[in-house]
Amino acid sequence: MSVVTRKLIAKELYVNRWFIGGGSVTAAASVALAAAGGGAFNIGALTWLTTVIAFGVMLGIYGVVNERKEQSLQFVLSLPISIADYVRAKLFGLLLAFLIMWVAATASAVLVVLLAAKVPDGLLPYVLLLCFFMLANFCVVLCGALHARSEALVTGTIIVTNMGVSVFMFTVGLFPSLREHMFGATPVWNTTFFNVLIVELIVLVIAVVLPLVTVSRRRDFL
Amino acid sequence: MTVTKHIEMRGVSKAYRFFTLQDISLDLEPGQVMGFVGPNGAGKSTTIRLAMGLIAPDIGEIRVLGCRMPENQAFAKRDVGYVSADMRLMPNATVGWHMNFAASIYPGWDADYAATLVKRFNLRPEQGARSLSQGEHIKAALLLALARRPRLLILDEPTTGLDPVARHEMLTEFMDVLRDENRSILFSSHNTVDVERISDRITFLDRGRMVASSDKEGFLDRWRRIDVQLPQGAALPELPHIVGRASDGHFHTLTTDQFSELQLARLGNAVRNVHRMNLEEIFVANVMHHRESRP
Amino acid sequence: MYSGIYISQTDARPMYLQIMEQIRARIAARDWPAGKELPSIRALAAALNVSVITIKRAYLDLETEGVIVTRHGKGSFVADVNGLAGELQDQKLDEHLSGAAAIAKQMGLSAEELAARLRRAMKETK
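Residues numbered from 1 in each chain as written. Chains lettered and ligands numbered in written order. Predicted model: local features only at pLDDT ≥ 70, side-chain atom pairs only at ≥ 80, totals over all residues. Heavy atoms only, no water.

Regarding the interface of chain B and chain A
Now for step 1: Listed as interface residues are 32 residues of chain B and, on the opposing side, 25 residues of chain A.
Now for step 2: If you look at where chain B meets chain A, you find 2 salt bridges.
Now for step 3: For aspartate 220 of chain A, the salt bridge identified is with lysine 14 of chain B, shortest N-O distance 2.7 Å.
Now for step 4: Our count for the contact surface shared by chain B and chain A stands at 13 residue pairs in polar contact (both at pLDDT 80 or more).
Now for step 5: For the side of chain B that touches chain A, the secondary structure elements donating two or more residues are α1 (44-52), α2 (73-76), β6 (80-84) and α3 (95-105) of chain B.
Now for step 6: Top contributing element to the side of chain B that touches chain A by residue count: α3 of chain B, with 5 residues.
Now for step 7: Here the residues of the side of chain B that touches chain A are counted per class, giving 18 nonpolar, 6 polar and 8 charged. (Contact = heavy atoms within 4.5 Å. Salt bridge = Lys/Arg side-chain N within 4 Å of Asp/Glu carboxyl O. Polar contact = N/O pair within 3.5 Å; in protein donor to acceptor, adjacent residues only side chain to side chain. Helix = DSSP H or I, 4+ residues; strand = E, 2+ residues; numbered from the N terminus. Nonpolar A, V, L, I, M, F, W, Y, C, P; charged D, E, K, R; others polar.)

This is the structure in structure tokens:
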């Protein structure tokens, strides 16, 4: 990875610093709210979900699409990099930016599940699946944003993936083998859990590798 | 010893849905300034983007500083400064941040020169990219390009949106680059006055084709406007190299792209005046003639 | 030194001719004495914001006229010819006089009438 690529990754983190900081704090705070249980739990959980989704969307839009629109793409492409270097820098930079916030959000969610008395520990597997789903979701959005040549396509990808969140919650959340242990006092790690996790991780890896194979090979970038 | 040309294009073509760039061949030698002139949509920006490796040609070969483009663009761009009129700095960062960024990437960065340019261009390092006007974006981009003293400068309408004072500053900086005979400049502009002044070579583009490419003094020497007044009943004699003619009764204005004494001899007393043409006039006449012969 | 040379955008004459004239004027006025080194082509181009090719042409033509001498690898110098300054002034005077003669002919003045006008002009000039 060339020096310039590394500096561009660092630039991605710098340029999005407010998003990363703000997103992490909001996610942690909403999860803290959820610790109170009952109605507060619902509000907190919903806010947490919205924050993580919105953060991913904003990184996708501001990170990729707007750079094209705001014409700072030309500036970046005038640097001594190839198109493949640019795709790598964008991919890993934005992924890293999201990961920082995601780790904060996931860690705080896990902590609240384990430590809050009003929140049953049995929720832990489902919460983890949800967290990894959000991560995979972001990777799909990023993959789409890097491929798409039009803003419309990116918007479409974002809408579809976010519908996926509801779909996830209403299907996986209703899997009997997960549901029956959700409100227990101890987390249950069964095959269903691992199967869902593996699917999420496969989707994640594909979404990350795909741009490196396709978009990097493009010969026209503008 | 053959010196590497800074830009070499051979038979380059690129097709888009509504526009095709065809058969572009040009050379830029070190120590030269080439001006690129053409109407909107002629293909100047496309040609420049091809030179920068941002797009790839369908046919033809492109070499910049000896590197094949777009394959070796990362290497070539280490010594190329690129500024285009619609370029913007990265949002959420200041001018100063961009200067530090450039300094960390390019070993040739001259911090003292950069500081001088900041003052000269009336910029402040604390300015955020979002608060810059279009002219200030261009000035900042030029600063970032100039301060690293690249061997090749590629500029796409660099004086757009600049007031006359800023334009003058800009041209002075460009010409300063040329003190070093190993550095060269390719710039496209609508401002034919600037192009006429500082270019060594001029290339005209129209509708995706190169209409002409030659050294500037050659153009200015070869083109003339001849005012003719024919006596009663006389016809215009047969003349070589007349590319344009406007007639009003006995008065004719002939435009030639290969002025010679022969033409004056054939016209004799009918000649009222011979005018040199400035680059803008040459350009318009050239394009009109080109479009007539290729509808 | 050479920042005093100015190229007018509105002057219809080609830039290289304007430069040549201004250099000749400085030599004629002895501001640039015989043997003085001229600025390098690139330095002058940068100072005037004019293309290198224009300066090259001006220097080439001045050399053809014998006004300057270019030594390969060393630079260009004002020609060290005795009376060059005077020669250039002579040239300038002759140019003006032929111009005056042409206008006088058009107006139908005789040589004596023109001479009288010239005497008056010399009296009025400080």
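After that view of the structure, there is still more to cover.
With respect to a nonpolar patch on the surface
Now for step 1: A cluster of nonpolar side chains, namely Ile198, Ile202, Ile206 and Leu210 of chain A, defines an oily patch on the protein surface of about 360 Å² accessible area.
Now for step 2: Structurally, leucine 210 of chain A can be placed in helix α9 (residues 191-213). (Patch = residues over 30% accessible without salt bridge, like charges linked within 9 Å, V, L, I, M, F, W, Y side chains within 5 Å. Areas by Shrake-Rupley, 256 points an atom, 1.4 Å probe, with all protein chains shown as cover.)

Examining the interface of chain C and chain B
Now for step 1: Contacts between chain C and chain B engage 18 residues on the former and 21 residues on the latter.
Now for step 2: Of the roughly 1600 Å² buried at the junction of chain C and chain B (both faces included), carbon and sulfur atoms supply 48%.
Now for step 3: Its largest share of buried area at the contact with chain B, chain C owes to Arg42, Asn49 and Ile53 of chain C, together 39% of the area lost on that side.
Now for step 4: Where chain C packs against chain B, one counts 2 salt bridges.
Now for step 5: One salt bridge in this structure joins arginine 57 of chain C and glutamate 217 of chain B, with 3.5 Å as the shortest N-O distance.
Now for step 6: Where the side of chain C that touches chain B is concerned, the elements lending two or more residues are α1 (15-28), α2 (41-48) and α3 (52-65) of chain C.
Now for step 7: Of all the elements, α2 of chain C adds the most residues to the side of chain C that touches chain B, at 6 residues.
Now for step 8: Per-class residue counts for the side of chain C that touches chain B are 12 nonpolar, 4 polar and 2 charged. (Buried area = accessible area lost by both parts, 1.4 Å probe.)

Regarding the side chain of threonine 255 of chain B
Now for step 1: As for its position among the elements, threonine 255 of chain B is in strand β13 (residues 251-256).
Now for step 2: On the basis of relative accessible area, threonine 255 of chain B is assigned to the buried category, the value being 7%. (Buried < 20%, exposed > 50% of the residue type's maximum accessible area, 1.4 Å probe, protein only.)

Thoughts on α1 of chain C
Now for step 1: With 14 residues, α1 of chain C extends 20 Å between its outermost C-alpha atoms, agreeing within 8% with the 20 Å of an ideal straight helix rising 1.5 Å per residue.
Now for step 2: With respect to burial, α1 of chain C is a largely interior element, 11 of its 14 residues being buried.
Now for step 3: When we look at burial in α1 of chain C, the residues that qualify are Met15, Tyr16, Gln18, Ile19, Met20, Gln22, Ile23, Arg24, Arg26, Ile27 and Ala28 of chain C.
Now for step 4: Along its buried surface, α1 of chain C packs onto α7 (192-198) and α8 (216-222) of chain B together with α2, α3, β2 (75-78) and α4 (84-107) of chain C.
Now for step 5: One or two residues past the end of α1 of chain C sits arginine 30 of chain C, with phi positive at roughly 65 degrees. (Expected span 1.5 Å × (residues − 1).)

Here's the deal with the pairing of β13 of chain B
Residue and element names in this part refer to chain B.
Now for step 1: Across 6 bridges, strand β11 (residues 224-229) lies against β13 in antiparallel orientation. Residue pairing in the sheet places valine 228 in a bridge with histidine 252 of β13.
Now for step 2: The antiparallel hairpin formed by strand β12 (residues 242-248) and β13 contains 2 residues in its connecting segment, where glycine 249 sits at a positive phi of about 70 degrees. (Pairing = 2+ DSSP bridges.)

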